[in-house]
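Chain by chain, the residues run as shown.
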Amino acid sequence: MVTPAPTAQPPSDEPTPQDSGSGPAPEAPSVLSLPLAHLRWTDPLHWLRMGWTDFLRCPHIGLFYGLCFFLMGHALLAVFQSAPAYVLALSAGFLLMGPFLCLGLYDASQAMQTPSRHPSLRHSLQAWRPTKGSMGIFAGVLLILEMLWGRAALVVFAVSFNAMPSATGLLQQLFDPENIAFLITYVLVGGVFAGLIFVTSVIAIPMILDRQVDAVSAGLTSIRACLQNPGVMFFWGLCITGLVLLAMLPFFLGLLVVGPVIGHATWHAYQHTLLAAPNPPTTDAHRTS
């Protein structure tokens, strides 16, 4: 007896177990694996030129934040006149408050790169709100570093002098050849803490604003950028320090312009350094650098 051949079944549209998508989905790339640019020595000068261009495009926003830097400078001068031992430690406030004060400038630069937006002072003042949690954590980390810096500075003063020096004749006392060991130690201690703050935050705060990542990822990415480009980032830090010091000479008036220019330039430094995957749709349109 011959067994009839089985009839051909029409192809089924139902997915096989392999095609059903039931397998594990591919993992999204970690923010810590985002590619970073290999920077050139001329890049910091390019960032400053772009920062100057942004300042000219919205000078009213820049001058508002420049006025804030100007007032911070005079507050530092008041501390110098009353408690000079705290000056170097509190100068970390520029490194601590500066990047957060520049949030509005980052927002303005971001708006100028977005066709559907225009720079707005009111919007820049609220730029911190969408990422207030991450910004708060990051601010806390930098505040701890500043407090440690302040304590270390006071210890150096206490070990080197029988009493805290007064503002009168302070520079003569500090540059006295007998106090050269104190001066070297003081500068080294300040340099270590200033370096830690710079390395941790050089691109972290604009990254939190732009990509809304957590504070730890942003800080580690900033450290990665500095480790990958140590010479260029050191030069960028020197540019910022030198410009701020020069701006402080004529009664801090230079901070009215230098402060916002550096803020805008930092935004472009972040965009140039982070060769990242596309942002979420809300911010992808303006990543042009």
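Heads up: the structure comes first, above all this text.
This text gives an overview of the structure that appears in the document. (Residues numbered from 1 in each chain as written. Predicted model: local features only at pLDDT ≥ 70, side-chain atom pairs only at ≥ 80, totals over all residues. Heavy atoms only, no water.)

A short note on the overall build of the protein chain
Helix and strand content of the protein chain: 14 helices and 0 strands. Buried residues in the protein chain amount to 44% of all 289 residues. Of the contacts made within the protein chain by residues no fewer than 6 positions apart, 77% connect residues no fewer than 24 positions apart. Approximately 16,000 Å² of the protein chain is accessible, and the part contributed by carbon and sulfur atoms is 69%. (Helix = DSSP H or I, 4+ residues; strand = E, 2+ residues; numbered from the N terminus. Buried < 20%, exposed > 50% of the residue type's maximum accessible area, 1.4 Å probe, protein only. Contact = heavy atoms within 4.5 Å. Areas by Shrake-Rupley, 256 points an atom, 1.4 Å probe, with all protein chains shown as cover.)

Brief notes about the pattern of salt bridges
Within the structure shown, the criterion is met by 2 salt bridges. The closest approach of N and O atoms between Asp43 and Arg40, which form a salt bridge, is 3.6 Å. Here Asp107 ties to Arg117 by a salt bridge, and the two come within 3.2 Å at their closest N and O atoms. Of this pair, Asp107 sits in helix 5 (residues 103–112) while Arg117 is found in the loop between helix 5 and helix 6 (121–125), placing the two residues 10 residues apart along the sequence. Among the residues examined, Arg117 registers a relative accessible area of 22% and is labelled partly exposed. (Salt bridge = Lys/Arg side-chain N within 4 Å of Asp/Glu carboxyl O.)

Digging into the side chain of Ser109
When you line up the elements, Ser109 lands in helix 5. A distance of 2.7 Å separates polar atoms of two side chains, one belonging to Ser109 and the other to His264. (Polar contact = N/O pair within 3.5 Å; in protein donor to acceptor, adjacent residues only side chain to side chain.)

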